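Residue-level listing of the chains:
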Amino acid sequence: MDRRPNLQTLLENVLGSHNVYFQPPPTVQIKYPAIIYSREDIDNTYADNAVYFNKIGYQLTVVDRNPDSKIVDKVSKLPMCRFNRHYTSDNLNHDVFTIYY
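Read on for a plain summary of the structure.

### Considering unusual backbone geometry
Excluding glycine, residues mostly carry a negative phi; peptide bonds, for their part, are mostly trans.
Phase 1: Cis geometry is adopted by the peptide bond preceding Pro33, which originates at Tyr32 and carries an omega value of 0°.
Phase 2: Look at Gln23: it is not a glycine, yet its phi comes out positive at around 45°.
Phase 3: In this fold, Gln23 is placed in the loop between β1 (20-22) and β2 (34-47).

Written out as structure tokens, the structure reads:
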């Protein structure tokens, strides 16, 4: 079962818009505030020498002009989500998280 479309919907609800991008190519014009995410890890649980269950880890970046973005707070409260780092680039604030979904 592909869980990524459900994650897409969850992130759109958190953001309150459709400015959620999964691995966007360089040609995509991103509208801010935005959430950009990509696959980063796979956490497998084994039973009887086989994969019993797995969770996909995604790197999720909240990009906003506002340094005190309320989106960051909302994302930080999602289950299985942890804050990684913050940086500023091109006068945009980037807050990076890892989420397992």
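### A word on the environment of Tyr100
Phase 1: Mapped onto the elements of the fold, Tyr100 is located in strand β5 (residues 92-100).
Phase 2: Beyond its immediate stretch of four places on either side in the chain, Tyr100 contacts Asp41, Asp43, Lys55, Ile56, Gly57, Pro79, Met80 and Arg82.

### Examining the pattern of salt bridges
Phase 1: Inspection of every chain in the model, using the stated rule, returns one salt bridge.
Phase 2: One salt bridge connects Asp73 with Lys77, and the closest N-O pair in it is separated by 3.2 Å.
Phase 3: Here Asp73 falls in the partly exposed class, since its relative accessible area comes to 40%.
Phase 4: Since its relative accessible area comes to 62%, Lys77 is described here as exposed.

### Structural notes on the nonpolar core
Phase 1: In terms of nonpolar packing, the biggest core is built from 18 residues, with Leu11, Ile35, Leu60, Val62 and Val75 touching the most fellow members.
Phase 2: Beyond its immediate sequence surroundings of up to four residues, Ile35 is in contact with Leu11, Leu15, Asn19, Val20, Tyr21, Leu60, Thr61, Val62, Ile71 and Val75.

### A word on the side chain of Arg3
Phase 1: Residue placement: Arg3 occurs in the segment before α1 (4-15).
Phase 2: Buried charge without a salt bridge: Arg3, with Asp2 as the nearest opposite-charge side chain at an N-O distance of 7.1 Å.
Phase 3: A polar atom in the side chain of Arg3 sits 2.7 Å from the backbone oxygen of Asn54.

### A look at the environment of Ser17
Phase 1: Its place among the elements puts Ser17 in the loop between α1 and β1.
Phase 2: When its relative accessible area of 26% is taken as the criterion, Ser17 is described as partly exposed.
Phase 3: On a C-alpha basis, the gap between Ser17 and Ile35 in space is 9.9 Å, while along the polypeptide they are 18 residues apart.
Phase 4: A polar contact is formed between the side chain of Ser17 and the backbone nitrogen of Asn19, at a distance of 3.2 Å.

### Some remarks on the packing of aromatic side chains
Phase 1: Counted under the stated rule, the structure contains four aromatic pairs.
Phase 2: Aromatic pair Phe22 and Tyr58: ring centres 6.4 Å apart, planes at 70°, arrangement edge-to-face. One end of the pair, Phe22, is in strand β1; the other, Tyr58, is in strand β3 (residues 50-64), with 36 residues separating them in the sequence.
Phase 3: Judged by its relative accessible area of 5%, Tyr58 is buried.
Phase 4: Ring centres of Phe83 and Phe97 lie 5.4 Å apart, and the angle between their planes is 75°; on these two criteria the pair is classed as edge-to-face.

Cut-offs applied
- Residues numbered from 1 in each chain as written.
- Predicted model: local features only at pLDDT ≥ 70, side-chain atom pairs only at ≥ 80, totals over all residues.
- Heavy atoms only, no water.
- Helix = DSSP H or I, 4+ residues; strand = E, 2+ residues; numbered from the N terminus.
- Contact = heavy atoms within 4.5 Å.
- Salt bridge = Lys/Arg side-chain N within 4 Å of Asp/Glu carboxyl O.
- Buried < 20%, exposed > 50% of the residue type's maximum accessible area, 1.4 Å probe, protein only.
- Core = buried A, V, L, I, M, F, W, Y, C linked by side-chain atoms within 4.5 Å.
- Lys, Arg positive; Asp, Glu negative; His and termini not counted.
- Polar contact = N/O pair within 3.5 Å; in protein donor to acceptor, adjacent residues only side chain to side chain.
- Phe/Tyr/Trp six-rings, centres within 6.5 Å; stacked < 30°, edge-to-face > 60°.

As far as function goes, none of this settles anything; it's purely spatial.
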